Every structure is written in C-alpha cells, then in structure tokens.
Amino acid sequence: MLFNSIEFLIFLPLCFILYWFVVNRNLKLQNALILVASYFFYGWWDYRFLGLIAFSTIIDYSLGIAINKSEIKSSKKWLLFISLVVNLSLLGFFKYFNFFIDSWIDAFNSLGYEMQASTLNIILPVGISFYTFQTLSYTIDVYREKLEPSKNLINFAAYVAFFPQLVAGPIERATNLLPQFSKKRIFNEEQAISGINLILWGLFQKVVIADSCAPYVNSIFDTYESMNSLSLILGAVYFAFQIYGDFAGYSNIAIGTARLLGFDLMRNFNYPYFSRDMAEFWRRWHISLSTWFRDYLYIPLGGSRGSKWMQLRNVFIIFMVSGLWHGANWTFVFWGFLHALFFIPILLLDKNRNNLDQVAQGKILPSLKEFFQMTVTFLLACIAWVFFRASNIAEAFQYLKNIITDTGFKIQYLNIERYNIEMLLILFIFIMYEWFHREEEHPFNGRLKWLKIGTVILMLLTLGVYSNHQDFIYFQF
Amino acid sequence: MKKVFSYLAIILTLVISSMFILNEIYSYSFRNGIVRNKRQELLLHKNDKFDILFLGSSRTESHVVDSVFENITNLKVINAGMERSTLHDSYAVFYSLLKNNNKLSECWIQLDYTHNITKHSANMFAEIVPFLNDETLESHAIEIGQISSVRVPFTLFMKNDKPIGFREFFLKVINKKSEQDFSLQFKPLLGCGTGLKGKWPKSMESNIAMNKILKLAKEYGIRVHFYTSPNCPKAENRDDFGFSLKENYRFKNYYDIFDDSLDYFYDCGHLNNKGALAFTKLLAEDFLRNKTCFSTQ
C-alpha cells in the first residue's frame, strides 16, 4: 500500500479510530492491532512475502532470548553469528544472488574463461533491506547488552513490521522503538498535530517535488545522448530533488503516521542540500542508515581510531557497503566510492566535524563563503547522483562527459507536463520553504502557518502529479 | 483529541473548499478560454454551417484531405477525425457541434475496429472534463462507466493533469496561442510502409455511442453515410471484421481498394499523404456519382 494512495487514505483513519477509540484501554490489544494492520499493509503489496517477515521475526526473537540467557561468551557469539547469517543470507539471496552470479561470470569471461549465465527469476521483497537491518540491530544490541531482549512476541513482531516505516524506513534501532511498545500510550495532541503537519509536508515533497521531477529525469536520462549541456545539468539537478523529495517525503509521512499512533521515530533527513561539506551532508541525509553503518560497521572496524590508513580503509568500506545496500548494481557501489573520495580530503584535514550546527544559524541569508560551500557540496552530490541513476557506470561517465563536450545551453523541449521554467520555479519555492524553516522539522509553524498550509494544499492540488503514478524510489532498496 | 480533530477539520475544509473553487475556475477557463487544440476546437466551435462532417479516428484525420474534397465537390466540409478517437469521442463532437448551433447537412462516419471500444479515448475524455456540467455528456460518461455519478470536485482535473492540468490552465488564462496548427484539419502522414501495429477484432460489437449519433442525426435531419477506410491486405481479420460490418450496416467499402497499391500506405492501417490524396479523390468522385450508401443501422 502506498502512502499517496486512496487505499492508505482509508486505511490510516480506520487504524487511528480503532487504535484510539476501540482498543485504547488495552496496550496488548493496541500492539496486536498494529501488528495486524502492519501485515495487512504489507500484504496489500504482496502477501507471499509476509512469511519472510514472520520468519525473520521468530528467528531474531528466539535468538535474542537465547543470547540473553546464555552465560558463555562463545555461545553468545555463535548465536549472534547465526542471526547475522540468517538475516544476511535472506538479504543476499533475494537482493544480491543474481548480481553476484552475473559479476562472477563477467569476471571469468573477462579472464578468457567461457561461462554461461544461469540466474534465477527472484522477486525483491519490498523493504527487505530496511527490516533486515532493523532486526540485525536488535540482536547486536542484545549481544552487546545494550538492550534487554523482548519477552513478548507480539511486541517484537509489531516492532519489526511497524507499518509506517516497514518498507522504506527510517531504520529504527531496537533501543529506541522497541521499548515504546511496552509503554502505555497516552494521546498527545501536540505530537499528533505535528504528525499531521509532517504527513502534509511529506506528501508535498513526494507528489509535487519528486513526481514532477520524475518525467524530466526519465526523459533526460533515457535520451542523454541527444541532450545538450543545459539539459544534462538539469537532469542531474532534477534527479537530486526527485530522490530527495521522494525519500524525505516518505520518511516524513512515516514519522507523521507513527506520531498519530503515539510513537516517535528518529529523524531521517535534516535539509541535506544545505550542507557545507560532505561530512555534514552525511549527517543530514538518510540519517537512520548512516548512523546504523556508523554504529554497527564503522565503529567495530575501528572508526576514526588508529592510523590514517585504517581510517581511510574504514571510510571506503562503509561508503561502498552503503552503496551496495542501495541496490545490486555496480553503479551504487561506485556512487558509494565517489562519496568516499569526496569525504577523504575532509577526513585528512580533520575537518569532518567542522559544521555541526545549522548553516547561517539565526540569520536570514548565508555568508558568501557558506553559499559557495553549499553550492560545491550540492554539485558533488549531483555528480554522484548521476552514477546512482544511470543504468551502468559507462553510461554515467558518458553522461558527465556529454555535459562538457555537447555544449549547448538552449532549453530543449520535452513533451512533459511542465516546462523547465515552471519546474525550476516550483523547485525555487520548495528551496525557499526549506531554507526559511531549516531549523525546524517542517515549515508549518509561526504566524503565517495557515497561509503556508493553504499554499501547500493549493500546490498539492494543482501541481501534484496524479496521472503518472510514481512508486517511491526507495521501495526497491 | 478535540484539538486534533479541529485541526484536521480546518485542513479538510481548506482541501475541500479549494477543490470546489478550483473545479469552477478550471472548468470556466477551459470552457471560455482560448482554443489550443483540435479537440477543444471541435467541442467549442459555434454558429457555423457545414455540408459534410467527417467523423472517425486517425483513418479520417489522415485520410480525408478536406481541401481536396471541397475543391471537387464544392461543399464545405469539416474533418473531425482524431488520432485514437473512439465512437464515443465522435458522439461528443457531434453532440457539441449541434448544441453549439452549427448547421450540418451530412455526417460521414468511418467504420473501423474502434467500433468495439466502449469508452472515450483518454485524450478526448480529458477535454470533456470541463464540460461535464452538460447533462448529456455527463450522463453518457456515467453510462459507459468512465466516471462515477458521485465525484469529488477537481479530482478529474488532477487525474488528467497532463492535458488539462496547471500548465494548460495557465496557458489558457494568459491567452497563449498553440504552436500547433490545428485549423488544418487534415493531418498528413509522411513516409511509406506496411508495418502492422496489431490486429482487427474478428467481429463487430454494438456501440451505444453509434445509436446516440444516429438518434441525434434523425432529430436534426442529418443524413448519415458509412464508409470504411483502406487497410493493407495483411491486416489480420480485416475481411472477417468487414463481413461482420456488412451484417449491421450499409456502407461503402474501401478497405481493400488499395490492395495493389502498397506505396499508398504509411503503415498497414494508415494511408500516407499520397494515398490520402488518391483516396479523397475517389471518395469525392464516388459522392458526386451518388455511389455512397445512405444508411441507418
């Protein structure tokens, strides 16, 4: 079920009413309702993979208890190892099996050995990367004794399948979300209103920004060979906003929906395109994933301790694994590699923790230096996005090469709902909305709150894309 | 909880009232603004007089050269054929032209597989949306299941945002003329080939839009002629469909007249410019010889 669908428009109020008016006096029933609703939500897309979530839930639930009960260190390690193997095997099979087979065959063929391709027709279950990482964080935290294992299967199953963030995050840590299932929920009006605001803002990001950019991006990337410099640059910029609007929009709707049910999810995006360097960008982009990798991969590898070479190695590993997490294609790995390259100078100069505050805090406009830094960071992100969006690495290089060689700055006509100028105007309004509210989580605050809400509603109705329905990009990850 | 429901109520009121207002503004500007394409031109054309109206799909739009026909017959014609147009679209055009006080003497309907299509084409339906205040067009769209009798205002504009979305609305408001020359009713196809894009159905199915066209024609005293358009011999089921048509209509058959002149084709289902000229000439000469069939179903 998609957040921007009629089905969800019926599903959410129904859940809300049952949750707060029918089963509100019984925590167990509330959690059971969340579990049933979450399985229904997921099953609406494809009920065949519900078994996979249930399997993953039962395995990690049992292993969590077993790790906690075991008093021998080596047994604990073995149990954790089983959890890692089971979860990563499921992920590996459904997401990476064909990729690794193809890559092996290509490698052997390039060495002169003739090999036949024999891959399987595997369907990627929606959200597998998200809930696998969520359950992994649980067993790891239980192993590290940061978390008591859940003794309630319903609570644990509801945590794994919690529908607002099941298919595209934020990837919640067990330490944050799981205890919330054990606490009595009291309806908090302010929390619910902020949830509604986040849902509205998320819908705007998805339906107006991301989906308006999508036809342009598809058209430009599909025919990049015949596009001039200006179109190619716009293609990369539009994709930067498409993926941001798409993913941040989903996250905001997820966080808002969870708040309506009395849960607090972690923030996933914090105005990443106002970052002054790549380190800041990664503190603001897909925060739940980058902190997951930091806590469960980067730090165990040694993190920023040790020699510079070790630090460099760790940075490359974390970024390339992060790239691979996004999809079974070398383009994603290269995207991660590029981000590692962009990160290295900052690390070597020990400037990776330079920009911890919000840019131009308390000011209306940034300084020239800040503006320049933000522009450079955005351009670097756009270069990397070209690899993320392209079908293969060679195509991405050719795309970038054509920007320089096919110099032409005339706007090319594409048969799309909007003109370039219209699209750029929408993006400008969006950037202004974000800029003037960059210290808040959404723009619907202050004296002009209702004017801003009214404008966003008008834009949703008139500029939203409803004919050419676009799935959320991050579903595929 | 009360505060949350009040908050939601304000947002819902804003959404619903915006939808009502936008629906009215959009409908008004589409019904009264500048004409920007052929479909709008046909739905809005007023107070004119034509001897012959050609209705049909791309096989009318790109096969009947109106200027050639007029030269041969000395009659004023209007080629209302449109790419992907269905009989339901033709009904909407026919009805709108009559409603807008246009005088027609004859209506020539080209018969092809679109006879079996049970809905408006997507493009034409979008153009009809602003005219759904008209009871006839609305009830027809409801009858064929294209819209529901209970509708949320403005949602049809939202669902059809490419042809009648904000861009088109804005261009209408600022009176921006279209770069396309839709006043040229005949749209030539250039090139030569006999590529197949699908196959014909084996038999013809009844179509309520046709019944309504015939009823309207009778009401306004307009003579209706049926004809088929040339297709290349490899068009699958062409003859079966033609046979099925013969059981239901009296029509002038042209679907096989160019079986030996494949250079007249743009693809198997469409004539190119050269073929269209030859076909129009034949059509006009047949008309003058009074060879066309005047028919009712």
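This structure is a prediction, so every number in the text was calculated from the model and none was measured. (Residues numbered from 1 in each chain as written. Chains lettered and ligands numbered in written order. Predicted model: local features only at pLDDT ≥ 70, side-chain atom pairs only at ≥ 80, totals over all residues. Heavy atoms only, no water.)

Visitor: So what about unusual backbone geometry? Which residues, and what values?
Guide: All names here are of chain B. At N74, a position not held by glycine, the phi torsion is positive, near 60°. Looking at the element boundaries, N74 is found in the loop between α4 (66-73) and β2 (77-79). Judged by its relative accessible area of 68%, N74 falls in the exposed class. Even without a glycine there, the phi angle at N237 is positive, about 70°. (Helix = DSSP H or I, 4+ residues; strand = E, 2+ residues; numbered from the N terminus. Buried < 20%, exposed > 50% of the residue type's maximum accessible area, 1.4 Å probe, protein only.)

Visitor: Lay out helix α4 (residues 73-110) of chain A in plain terms, naming residues and giving numbers.
Guide: All names here are of chain A. Here α4 is 38 residues long, yet its end C-alpha atoms lie only 45 Å apart, well below the 56 Å a rise of 1.5 Å per residue gives. Where α4 bends most, at Y96, the angle is about 70°. In the stretch just after α4, G112 is the one whose phi turns positive, near 100°. (Expected span 1.5 Å × (residues − 1). Bend = angle between axes of the 7 residues up to and from the residue.)

Visitor: Go over the packing of aromatic side chains with me, naming the residues and quoting the values.
Guide: All names here are of chain A. With the rule as written, the count across this model stands at 97 aromatic pairs over all chains. Between the aromatic rings of F3 and Y250, the centroid separation amounts to 4.4 Å while the plane-to-plane angle is 20°, which identifies the pairing as stacked. Of this pair, F3 sits in the segment before α1 (6-22) while Y250 sits in helix α9 (residues 229-260); the two residues are 247 residues apart in sequence, bridging distant segments of the chain. By relative accessible area, which is 5% here, F3 ends up buried. (Phe/Tyr/Trp six-rings, centres within 6.5 Å; stacked < 30°, edge-to-face > 60°.)

Visitor: Quick one: what's the story with the nonpolar core, residue by residue and with numbers?
Guide: With 235 residues, the main nonpolar core has A:Y273, A:W385, B:F94 and B:I109 as its most contacted residues. Per element, the largest residue contribution to this core is 18 residues, and it comes from α9(A). Both domains that furnish three or more residues to this core are identified here as domain 1 (6-184) and domain 2 (191-276 + 355-476) of chain A. (Core = buried A, V, L, I, M, F, W, Y, C linked by side-chain atoms within 4.5 Å. Domains from an automatic or database assignment.)

Visitor: Explain the packing of helix α3 (residues 50-69) of chain A against helix α5 (residues 128-143) of chain A residue by residue, including any values.
Guide: Residues and elements named next belong to chain A. The N-to-C vectors of α3 and α5 enclose an angle of 10°; their axes lie 9 Å apart at closest approach. Here α3 lies roughly parallel to α5, going by the angle between them. Touching L52, I53, S56, D60, L63, G64, I67 and N68 of α3 are I128, Y131, T135, Y138, T139, V142 and Y143, all from α5. Considered class by class, the residues forming the contact of α3 with α5 number nine nonpolar, five polar and one charged. (Axes fitted to C-alpha atoms, helices over the stretch in contact; angles between N-to-C directions. Parallel < 35°, antiparallel > 145°, perpendicular 65-115°, else oblique. Contact = heavy atoms within 4.5 Å. Nonpolar A, V, L, I, M, F, W, Y, C, P; charged D, E, K, R; others polar.)

Visitor: Any chance you could break down the domain arrangement of chain A for me, citing the residues and the numbers?
Guide: All names here are of chain A. In terms of domain boundaries, chain A breaks down into domain 1 (6-184) and domain 2 (191-276 + 355-476). With centres defined by C-alpha atoms, the gap from domain 1 to domain 2 works out at 29 Å. Of the residues lining the interface, 24 residues belong to domain 1; the matching set on domain 2 comes to 18 residues. Taken together, the two surfaces of domain 1 and domain 2 that pack against each other cover about 1,800 Å², and 71% of this comes from carbon and sulfur. Considering only the surface of domain 1 that becomes buried against domain 2, P164, A168 and P170 emerge as the three largest contributors, covering 26% of it. At the surface where domain 1 touches domain 2, the tally comes to zero salt bridges. Taken together, domain 1 and domain 2 are joined by four residue pairs in polar contact (both at pLDDT 80 or more). Elements with a contribution of two residues or more to the side of domain 1 that touches domain 2: α1 and α7 (174-177). Counting residues per element, the side of domain 1 that touches domain 2 draws most heavily on α1, which supplies five residues. Within the side of domain 1 that touches domain 2, the residues separate by chemical class into 18 nonpolar, five polar and one charged. (Buried area = accessible area lost by both parts, 1.4 Å probe. Salt bridge = Lys/Arg side-chain N within 4 Å of Asp/Glu carboxyl O. Polar contact = N/O pair within 3.5 Å; in protein donor to acceptor, adjacent residues only side chain to side chain.)

Visitor: Describe helix α10 (residues 166-173) of chain B, and please don't skip the residues or the numbers.
Guide: When we look at burial in α10(B), the residues that qualify are B:R167, B:E168, B:F169, B:L171 and B:K172. Lining the buried residues of α10(B) we find α16 (420-435) of chain A together with α1 (2-32), α2 (38-44) and α9 (161-164) of chain B. Backbone geometry just after α10(B) places B:N175 at a positive phi near 55°.

Visitor: I'd like a description of the state of the cysteines, backed by residues and values.
Guide: All names here are of chain B. Enumeration according to the criterion identifies one disulfide over all chains in this entry. Here C232 pairs with C268 through a disulfide, and the sulfurs are 2.0 Å apart. Judged by the sign of its S-S torsion, about -85°, the bond between C232 and C268 is left-handed. Pair noted here: C232 is in the loop between β4 (223-228) and α12 (238-246) and C268 is in the loop between β5 (265-267) and β6 (270-271), with a separation of 36 residues, a long-range link. Like C268, C232 is buried. For the unlinked cysteine C192, the closest cysteine sulfur is that of C232, found at 11 Å. Judged by its relative accessible area of 57%, C192 is exposed. (Disulfide = S-S within 2.5 Å.)

Visitor: Outline the confidence of the model for chain A, listing residues and values.
Guide: On average, chain A scores 88 in pLDDT, and the residues at 70 or more come to 93%. Looking at the elements of chain A, mean pLDDT is at its lowest for α4(A), recorded as 83, and at its highest for helix α14 (residues 368-389) of chain A, recorded as 95. (pLDDT = per-residue confidence, 0-100.)

Visitor: Outline the interface of chain B and chain A, supporting the account with residue identities and numerical values.
Guide: The figure often quoted for interface size is the accessible area lost as the parts come together. Facing 23 residues of chain B, the contacting portion of chain A comprises 30 residues. The junction of chain B with chain A conceals about 2,500 Å² of combined surface from both sides, 71% of it contributed by carbon and sulfur atoms. Of all residues in chain B, the largest losses of buried area upon contact with chain A belong to B:M1, B:Y7 and B:R167, amounting jointly to 31% of the total for that side. Counting across the chain B and chain A interface gives one salt bridge. Among the ionic pairs, B:K3 bridges to A:E190, the shortest N-O distance being 2.4 Å. Applying the counting rule to chain B against chain A returns seven residue pairs in polar contact (both at pLDDT 80 or more). Of all the secondary-structure elements, those providing two or more residues to the side of chain B that touches chain A are α1, α8 (155-159), α9 and α10 of chain B. For the side of chain B that touches chain A, the leading source of residues is α1(B), giving 14 residues. Its residues placed into classes, the side of chain B that touches chain A shows 16 nonpolar, one polar and six charged.

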